[in-house]
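Inside the fold
If you want the building blocks of each chain, they are given just below.
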Amino acid sequence: MWQVVGQTRAVSLLERSLDKETLAHAYLFVGPHHVGKMTLALNLAQALNCEAAERPCGVCASCQKIASAKHADVQIISLIHNGDSAEARSRVEIGIDQIRELQHSSNLPPFEGKYKVFIIDEAEFLSSEAANCLLKTLEEPVGKVVFILLSTSDRLLPATVVSRCQWLELAPLGADEVETALCGRWGIEQPKAKLLARLSRGCLGWALLAASDDALLQQRTEKLDELLNVINTDYEGRFAYVAQLVTLFHKSRGLVQEILDLWLEWWRDLMLVKVGCSDRITNVDFEAVLLKMTKGYSLAQIRSFLDSIREAGEQLRQNANPRLVLEVLMLSIPGGKYG
Ligand SMILES: [Zn+2]
């Protein structure tokens, strides 16, 4: 019983390989954050070590130990954070010592199960030394060992490492699929499940996090309120907002990209409302605001500003001057009146 939701292509490929005993020595699972890469990796580790006929059963001692991270032969290698300062966070990586330890352990036979499984989470953060060291291990497969690398993009890993792995892509789920899973399997009530499913961008893991931690939804509401304030304020206010974003950008580029993604979703919703497809909007809890706001803009204005947001995101990724890019974006907000 595979616990991962959706991902039928990846699951059926793994099932076939298990049945025919044609498993690869190393896998690379690629997909966005919270799409289910770790769940699938743990499921594969369970299937490899399961004691039942139908693998993974999820209930045998081995499956349960793996689910609770207590199985001696299943190890997760992840980022080590060396403190909370911005500098420590920016230098974070999976280091050579962690991979040397993995190498040593992979040479020993399984301790209590059938297979040793090493899951390397966020493998894009392997230092170049660590990646080289890992490459040697991947080039010389030994016995009952399977490596599973997880990453948001194969392009962030050395091509030599990628070429040694069987590549499996995990695509985001449909909003309906997430909503059904949230209601059916986790018992989350309808309106909340619908909102979380739309906001999750197809990543069930994010929806589950947000369901258990109200702070995530709270932060999003605050950012949307900021966005609405910026649209309604004068240029002075908008440039003050840019200054805030620039400071944030120097701390974490990812957070500024997240804000731009929120903007994109908001303006995409405005477009959907404008063309009469309100049932497909993401920000379902802001539908009334969207309806009111959309009256102030033409479709051409909304489309043009959507292009501006995408362009700003692209320029930031290409290391353009953040102040300049964001100021231009603020000047491109169409002049409709909201409120
Ligand atoms: Zn089992």
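Look a little higher up for the structure.
Below, the structure is looked at part by part. (Residues numbered from 1 in each chain as written. Predicted model: local features only at pLDDT ≥ 70, side-chain atom pairs only at ≥ 80, totals over all residues. Heavy atoms only, no water.)

Okay, the sheet that holds strand 2 (residues 74–77) next. As summarised here, the arrangement of the 5 strands in space is 2-3-4-1-5, forming an open sheet in which the pairing is parallel. Looking at the sheet topology across the chains shown, the edges are occupied by strand 2 and strand 5 (166–169). Direction aside, the axes of adjacent strands within the sheet are offset by 20° on average. With 5 bridges connecting them, strand 1 (residues 26–30) and strand 4 (residues 145–151) associate as parallel partners. Across the sheet, Tyr27 pairs through a bridge with Ile148, a residue of strand 4. The strands touched by helix 1 (residues 8–20) within the sheet are strand 1 and strand 5, with strand 5 carrying the most contacts at an inclination of about 145°. (Pairing = 2+ DSSP bridges. Helix = DSSP H or I, 4+ residues; strand = E, 2+ residues; numbered from the N terminus. Axes fitted to C-alpha atoms, helices over the stretch in contact; angles between N-to-C directions. Contact = heavy atoms within 4.5 Å.)

Another aspect to go through is the pairing of strand 4. Of all 7 residues that make up strand 4, 7 are buried, and the element is covered over most of its length. The two faces of strand 4 match: Val145, Phe147, Leu149 and Ser151 on one face and Val146, Ile148 and Leu150 on the other face are all buried. The handedness of the strand 3 (residues 116–120) to strand 4 crossover, carried by helix 6 (residues 128–139), is right-handed. (Buried < 20%, exposed > 50% of the residue type's maximum accessible area, 1.4 Å probe, protein only. Right-handed = clockwise from strand over helix to strand, strands pointing away.)

Looking now at the coordination of the zinc ion. For the zinc ion, the full set of protein donor atoms is Cys50 (SG), Cys57 (SG), Cys60 (SG) and Cys63 (SG), at a range of 2.3 Å. Every donor counted, the 4 donor atoms about the zinc ion form angles of 102 to 118° at the centre, which fits tetrahedral coordination. All donors of the zinc ion come from a single chain, and their spacing in sequence reads C-x6-C-x2-C-x2-C. Judged by its relative accessible area of 0%, Cys50 is buried. (Donors = N, O, S within 2.8 Å, 3.2 Å for Na, K, Ca; no water. Tetrahedral: all angles 85-135°; square planar, octahedral: opposite > 155°, others 65-115°.)

Per the stated rule, a full pass over the model turns up 8 aromatic pairs. Seen from their ring centres, Tyr235 and Phe239 are 6.5 Å apart, and the 25° between their planes marks the pair as stacked. On the criterion of helical spacing, the pair formed by Tyr235 and Phe239 is a turn pair, its members being 4 residues apart in helix 12 (residues 235–251). For Phe239, a relative accessible area of 30% translates into the label partly exposed. When the centroid spacing of 4.7 Å and the interplanar angle of 65° are considered together, the rings of Trp267 and Phe305 count as edge-to-face. Placement of Trp267 in helix 13 (residues 253–274) and of Phe305 in helix 15 (residues 299–317) is noted, with a sequence separation of 38 residues between them. Here Trp267 and Phe305 have matching classes, each one buried. Put simply, the rings of Tyr241, Trp263, Trp267, Tyr297 and Phe305 touch in pairs and so form one group of aromatic residues. (Phe/Tyr/Trp six-rings, centres within 6.5 Å; stacked < 30°, edge-to-face > 60°.)

Going through the model one piece at a time under the given rule, you end up with 0 disulfides. Between Cys203, a cysteine without a disulfide, and Cys183, which holds the nearest cysteine sulfur, the sulfur-to-sulfur distance is 18 Å. For Cys203, a relative accessible area of 6% puts it in the buried group. (Disulfide = S-S within 2.5 Å.)

Let's shift gears to the nonpolar core. Ranked by size, the top nonpolar core spans 37 residues in total, and within it Trp263, Trp266, Trp267, Met293 and Ile309 carry the most contacts. Elements supplying a minimum of two residues to this core: helix 11 (214–232), helix 12, helix 13, helix 14 (287–294), helix 15 and helix 16 (322–331). Element by element, the count of residues in this core is highest for helix 13, at 11 residues. Excluding residues that lie within four positions of it along the chain, Ile309 makes contacts with Leu260, Trp263, Leu264, Trp267 and Leu329. (Core = buried A, V, L, I, M, F, W, Y, C linked by side-chain atoms within 4.5 Å.)

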